[in-house]
Amino acid sequence: MTSRPPDETIVVRILFFGGARDATSASEVDLHVPSTATVKVVFDKLTERFPDLQRFGRSLLFAVNREYAGPDVKLEANDELAIFPPVSGG
Amino acid sequence: MTSRPPDETIVVRILFFGGARDATSASEVDLHVPSTATVKVVFDKLTERFPDLQRFGRSLLFAVNREYAGPDVKLEANDELAIFPPVSGG
Amino acid sequence: MSEQNTVCDYRCPLDFFELTKEPIDVGAVARRVVPRECGATVSLDGYAREWTKGRKTEYLVYEAYDRMAITEMERLGRDAHKRFEIAHVGIVHRTGRLEIGDTSVVISVSAPHRRAAFEACQWLISELKKTVPIWKKEVFSDGEVWVEGDSNPDT
Amino acid sequence: MSEQNTVCDYRCPLDFFELTKEPIDVGAVARRVVPRECGATVSLDGYAREWTKGRKTEYLVYEAYDRMAITEMERLGRDAHKRFEIAHVGIVHRTGRLEIGDTSVVISVSAPHRRAAFEACQWLISELKKTVPIWKKEVFSDGEVWVEGDSNPDT
């Protein structure tokens, strides 16, 4: 793995579900982020673009490539980051 | 309730189920018993008539008029006494 | 009608307790106990087992003391309503000859909250096997045997 | 094949984990997990509730993160095989619009001994509600609300 300069960017795909999708009026967004970005960095950037996400406080959950992920997980190019409220199926 | 002389007899209907029916080769028997008879008295009389019942030892269960009953329960005329091994439905 | 109204502590008019000589459709039984106000139904589907202690069963025969079996199932239903916060209970037990895999009994319990439905269903099958006068005969290629329960249901 | 062979401690090839937009037949799901060697299947039938906290629901909409939902259900199935002595697991969850009383989810678990089937089924619905990415929207006559789970499924 070659090291990348910090100003290099990658594209990640963002998916919103449930109330988070209503808040953003978007179900899918492709986002350019720094190649060093973590889930938290991307989420903060999304909150600027979609201020309504703030009403969820800290309750939103994240999944990277269909696995639950914490805020410090680092994203890779073409990763799929899903953002959603606590699940309520069943 | 008038008291009855001990030599008066009543008729009770005996039902056998499961292995008890196989042992007696009978599913229903009408039996004349003393009007003072208990379940135990009737069962002992049946064991004389159907010796194969002895192979169940003390495991057989009784029901009088479709309710579980112990050996000391007194029978009334036209009672229905069912005799069967421990149940195995389900 | 409030949620609480769906929990009966007596036998509900929608409960059912039946014997049948026909095949049992577990889904049909499960859906009969569904009230509009409830959230979950738990069903037990018991069926004829092919292997018992290493011996291959060809088929089974269930025999019931019909009238007492219904009476006992009704009593279990009433007791279940007293013990658990449930809405409806349905029990259907098959009698006669059953092939391997055929459903012998279905117990379905609906409740506003699923925990009560799980607990009541588990309690009902356990009690049914102890007290409801039904007997199972296993038929092998070289013989047959009445299965005897090992519990004493003296009341 | 002995009785023990029917208990898998990994995901069985006969397990199934599905999403569907069509009505779910609880009986059909329950019977799909029945192996010839087993004795009991326990099924949970969850359905749309009409009354929640005194408010009348008109209908519900379930939305799923489809691919992750299947992945999570498969993981739950594998975990269930590790935790309980069970034979097969089937989970079918419906998505889209559901009318009151429609089945939203069926979980069926078969096992040689019914206790394991009860415990696994109860564990599976509890975990499904915590971790499988599906969301429920309740629609009332005067509005609608996304139901939010209150558990934190951080792994």
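Residues numbered from 1 in each chain as written. Chains lettered and ligands numbered in written order. Predicted model: local features only at pLDDT ≥ 70, side-chain atom pairs only at ≥ 80, totals over all residues. Heavy atoms only, no water.

Novice: In this structure, what is going on with the overall build of chain C? I would like to understand it.
Specialist: Helix and strand counts for chain C stand at three helices and 10 strands. Its helices and strands in sequence order give chain C the pattern β-α-β-β-β-β-α-β-β-β-α-β-β, from N to C terminus. Looking at chain C residue by residue over its 155 residues, the buried ones come to 57%. Across chain C, every contact between residues at least 6 apart in sequence was considered, and the portion connecting residues at least 24 apart equals 77%. Counting only carbon and sulfur atoms, one obtains 45% of the accessible surface of chain C, whose full area is about 6500 Å². (Helix = DSSP H or I, 4+ residues; strand = E, 2+ residues; numbered from the N terminus. Buried < 20%, exposed > 50% of the residue type's maximum accessible area, 1.4 Å probe, protein only. Contact = heavy atoms within 4.5 Å. Areas by Shrake-Rupley, 256 points an atom, 1.4 Å probe, with all protein chains shown as cover.)

Novice: Looking at this structure, I do not really get the confidence of the model for chain C. What am I missing?
Specialist: Any segment with low pLDDT has predicted coordinates that should not be analysed in fine detail. Residues and elements named next belong to chain C. Taken as a whole, chain C shows an average pLDDT of 86; of its residues, 86% reach a score of 70 or greater. A low-confidence stretch, residues 1-5 (pLDDT under 50), is modelled with six contacts involving residues beyond four sequence positions or located in other chains. With a pTM of 0.89, the predicted complex shows an ipTM of 0.88. (pLDDT = per-residue confidence, 0-100.)

Novice: Teacher, can you tell me more about the interface of chain C and chain B here?
Specialist: It is common to give the size of an interface as the accessible area lost on bringing the parts into contact. If you look at the interface, chain C gives 30 residues, while chain B gives 22 residues. It is C:Tyr65, C:Met68 and C:Trp135 in chain C that bury the most area against chain B; as a group they hold 29% of the surface buried on that side. Counting across the interface, chain C meets chain B through two salt bridges. Residues B:Glu80 and C:Arg67 are paired through a salt bridge, measuring 2.8 Å at the closest nitrogen-oxygen approach. Across the contact surface, chain C and chain B share 16 residue pairs in polar contact (both at pLDDT 80 or more). Those elements that place two or more of their residues in the side of chain C that touches chain B are strand 5 (59-64), helix 2 (66-83), strand 8 (103-111), helix 3 (114-131), strand 9 (134-140) and strand 10 (143-147) of chain C. For the side of chain C that touches chain B, the element with the most residues is helix 3 of chain C, which contributes five residues. (Buried area = accessible area lost by both parts, 1.4 Å probe. Salt bridge = Lys/Arg side-chain N within 4 Å of Asp/Glu carboxyl O. Polar contact = N/O pair within 3.5 Å; in protein donor to acceptor, adjacent residues only side chain to side chain.)

Novice: Which parts of the structure should I look at to understand the state of the cysteines?
Specialist: Disulfide: a covalent bond formed between the sulfur atoms of two cysteine residues. A full pass over the atoms with the stated rule returns zero disulfides over all chains. Lacking any disulfide linkage, C:Cys121 is separated from the closest cysteine sulfur, that of D:Cys121, by 9.5 Å. On the basis of relative accessible area, D:Cys121 is assigned to the buried category, the value being 0%. (Disulfide = S-S within 2.5 Å.)

Novice: Would you take a moment to explain the environment of C:Ile107 for this structure?
Specialist: Relative to the helices and strands, C:Ile107 is located in strand 8. Sequence-distant contacts of C:Ile107, that is, excluding residues within four places in its chain, are made with C:Val42, C:Ser43, C:Leu44, C:Gly90, C:Ile91, C:Cys121, C:Leu124, C:Ile125 and C:Leu128.

Novice: Explain the interface of chain D and chain C here, please?
Specialist: Counting residues at the interface gives 39 residues for chain D, matched by 39 residues for chain C. Counting across the interface, chain D meets chain C through two salt bridges. Two residues, C:Asp45 and D:Arg31, come together in a salt bridge whose shortest N-O distance is 2.6 Å. Counting across the chain D and chain C interface gives 15 residue pairs in polar contact (both at pLDDT 80 or more).

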